[in-house]
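Given next are the chains, with one letter for each unit.
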Amino acid sequence: MVNATKEMLHGLHQWRAVVTDGCLLLLLSAFIAVLVVGSAGSDLLLEDEAEVTEEASGGPLPYCSLFTNRAPHPEHKLVKCSWFHNDACCYQEEVDRIFPTVVPPRGANQNCTDHLYYLMCYICSPRQHLFYRDEVVTICEELCNRLFEACANATLKGQRIGEQYSSGRDYCVSRKFRVDRQSSGSCYSHNFSIVEDIEPPTSHQDGAGGGVAGQTDCPSVCTCSTGKFKTVDCDARNLTSIPGPLPSDAINIFLGNNNIREIPTDAFNSLSSVENLYLNNNPLTSLPPDAFRGLTALQKLDLGECQISTIENNAFRGLTELMDLTLDTNQIKSVSLSTFQGLSSLNVLNLRMNQLTSLPADVFESTLNLQSLYMSDNPWDCSDCALAWLPRWLSLTGISLDASRCATPSLSQGSLVRNVLVTECPSLVSSAVTMATPSTAVMTMFLTVFFFLL
């Protein structure tokens, strides 16, 4: 894995001279994600830490090493990371594109989310040439320790971060970052006395939430941020139903680890700003039509570790911006031709650990941007023509499939599904083969590779 990472970084170094800044943004968000798929938190108003980029060199600002060596510039309209507005390496438009691509890990609380966004602001630092070299970011050990402490209860690969790693340095190194002491002047940190963009999270006790245009109050059982990142944290609150109304300006909503058994069709009406929704680990058994009506900006939907056995037609209707759909560890036995219809922006689909045995040949016909499929730990039946279309379709489209293996028949048991050849079947590769061609932006493929490292 380490050698593969080095090779990828070397490849990226070669690409950096020729790709556009827009493509480079995809790499930056993926690179940040390598660290933050696991973080959690506490109080934001910490003692003052000198931001290494403010005084480290003492000389002129030479270049922005993350953005093809362009010069820092005033960016007075900078909303997030505004402490860099006098000399910024980023533009607000780039921040708007990068921030939504990285979401907190499972179990992350509000303070974890805030630390994640503080970390992401390194893209705007005017002295990034000090801590970004040879395609690697160097993070100050002090910041790693804060992240580690804040993220101890968040989960990474099914295990709490605090149980997997012994220190902040250990955690950051495992995420492919260099680590150095802040006194070296060549690592990235953050001045935690700066909170102009992020206000501390608050719990409101008045019970009014959102779902109504302009409504910003927080349900009494939840914790809500009132800053620019607008997170509603209702995780692990013993909820039996979706609280409401929810703040209409929310961006991240955490409803996982509760006892929610159904999703009313009007549960998310008027929540057109929400980009990330977590409903994982709830006893949901089915997804009704229009279950997510109103979530027109949704990009990440986590329905993993529930008890879903039925996905009704049009359950995902209207989610045209959805990029990442997680349905792992459920009891889904089948999907229809219309299950994923209309998910034209979908990049990643996780169907691991369900009860699927086959898939209709045109099931992914409208997922025009699909890049990665995770379907392992399903009892795939490779005995007849039901999956005969899949190997050739994967080859023609270039879509990545994990190590999904056949369960039956016995002669094929353990064989990779993508390698199964059913010579007796006629060609079942339908119009679906044209849905997601290898011509999809090459830098998006790099992003997918980076996510494999998590």
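What counts, and at which threshold
- Residues numbered from 1 in each chain as written.
- Predicted model: local features only at pLDDT ≥ 70, side-chain atom pairs only at ≥ 80, totals over all residues.
- Heavy atoms only, no water.
- Core = buried A, V, L, I, M, F, W, Y, C linked by side-chain atoms within 4.5 Å.
- Buried < 20%, exposed > 50% of the residue type's maximum accessible area, 1.4 Å probe, protein only.
- Helix = DSSP H or I, 4+ residues; strand = E, 2+ residues; numbered from the N terminus.
- Contact = heavy atoms within 4.5 Å.
- Pairing = 2+ DSSP bridges.
- Disulfide = S-S within 2.5 Å.
- Axes fitted to C-alpha atoms, helices over the stretch in contact; angles between N-to-C directions.
- Parallel < 35°, antiparallel > 145°, perpendicular 65-115°, else oblique.
- Left-handed = near helix turned anticlockwise from the far one by under 90°.
- Nonpolar A, V, L, I, M, F, W, Y, C, P; charged D, E, K, R; others polar.
- Salt bridge = Lys/Arg side-chain N within 4 Å of Asp/Glu carboxyl O.

Caption draft 1: Expanded view of the nonpolar core. Phe268, Phe292, Phe316, Leu327 and Phe340 are the most contacted members of the largest nonpolar core, which totals 62 residues. Residue contributions to this core peak at four residues, all from helix H9 (residues 389-397). Ignoring any residue separated from it by four or fewer positions in sequence, one finds Phe316 in contact with Leu287, Phe292, Leu301, Leu303, Ile311, Leu325, Leu327, Thr339, Phe340 and Leu343. Judged by nonpolar contacts, the second largest core, of 33 residues, contains Leu78, Leu119, Tyr132 and Ile139.

Caption draft 2: Representation of the sheet that holds strand S13 (residues 324-326) in the model. A sheet is described by the order of its strands in space; here nine strands give the open sequence S6-S7-S8-S9-S11-S13-S14-S15-S17, paired in mixed fashion. Each edge of the open sheet is held by one strand with a lone partner, namely strand S6 (223-224) and strand S17 (400-401). Of the pairings in the sheet, the one linking strand S14 (residues 348-350) to strand S15 (residues 372-374) comprises three bridges and is parallel in character. Paired with Leu349 across the strands is Leu373, a residue of S15.

Caption draft 3: Structural view of the side chain of Asn280. For Asn280, the location among the structural elements is in the loop between strand S9 (276-278) and strand S10 (286-287). Setting aside chain neighbours within four positions, we find Asn280 in contact with Arg106, Gly256, Asn257, Asp302, Gly304 and Cys306.

Caption draft 4: Structural context of the state of the cysteines. Within the structure shown, the criterion is met by eight disulfides. What pairs with Cys90 in a disulfide is Cys124, and their sulfur atoms sit 1.9 Å apart. Handedness of the Cys90-Cys124 disulfide follows from its S-S torsion of about 100°: it is right-handed. Of this pair, Cys90 sits in the loop between helix H3 (52-55) and helix H4 (92-98) while Cys124 is found in the loop between helix H5 (110-120) and strand S1 (132-133), placing the two residues 34 residues apart along the sequence. Neither residue differs from the other here; Cys90 and Cys124 are each classed as buried.

Caption draft 5: Summary view of the sheet that holds strand S5 (residues 178-180). Here we have three strands laid out as an open sheet, ordered S1-S2-S5, and mixed in their pairing. Whereas interior strands pair on both sides, the edge strands pair on one side only; in this sheet they are S1 and S5. Along the sheet, helix H6 (residues 141-150) makes contact with strand S2 (136-140) and S5, crossing S2 at roughly 80°.

Caption draft 6: The arrangement of the pairing of S2 in detail. Of all the five residues making up S2, five are buried; the element is thus mostly covered by neighbouring parts of the structure. Burial of the side chains of S2 extends over both faces: Val136, Thr138 and Cys140 are buried on one face and Val137 and Ile139 on the other. As paired elements, S1 and S2 share two bridges and run antiparallel to each other. For Tyr132, the partnering residue across the bridge sits in S2 and is Val137. Turn length for the S1-S2 hairpin, with the two strands adjacent in sequence and antiparallel, is two residues, and the turn residue Asp134 shows positive phi of about 55°. Pairing geometry for S2 and S5, over three bridges, is parallel. Bridge assignment links Ile139 to a residue of S5, and that residue is Val179.

Caption draft 7: Structural detail: the packing of H5 against H6. Packing of H5 against H6 brings their axes to within 9 Å, and their N-to-C directions diverge by 155°. Here H5 is positioned roughly antiparallel relative to H6, judged by the angle of their axes. Classified by chirality, the crossing of H6 by H5 is left-handed. For the pair H5 and H6, the contacting residues are Asn111, His115 and Leu119 in the first and Leu143, Arg146, Leu147 and Ala150 in the second. Its residues placed into classes, the contact of H5 with H6 shows four nonpolar, two polar and one charged.

Caption draft 8: Inspection of the pattern of salt bridges at higher detail. Summed over all chains, the structure comprises nine salt bridges. Where Glu94 meets Arg70, a salt bridge forms, and the shortest distance between an N and an O atom there is 2.7 Å. You can see Glu94 sitting in helix H4 and its partner Arg70 sitting in the loop between H3 and H4, a full 24 residues away along the chain. Across this residue pair, the class does not change: Glu94 and Arg70 are buried.

Caption draft 9: Region of interest: H9. Looking only at H9, the buried set comprises Trp389, Leu390, Pro391, Trp393, Leu394 and Thr397. Where H9 is buried, its residues contact S15 and S17.

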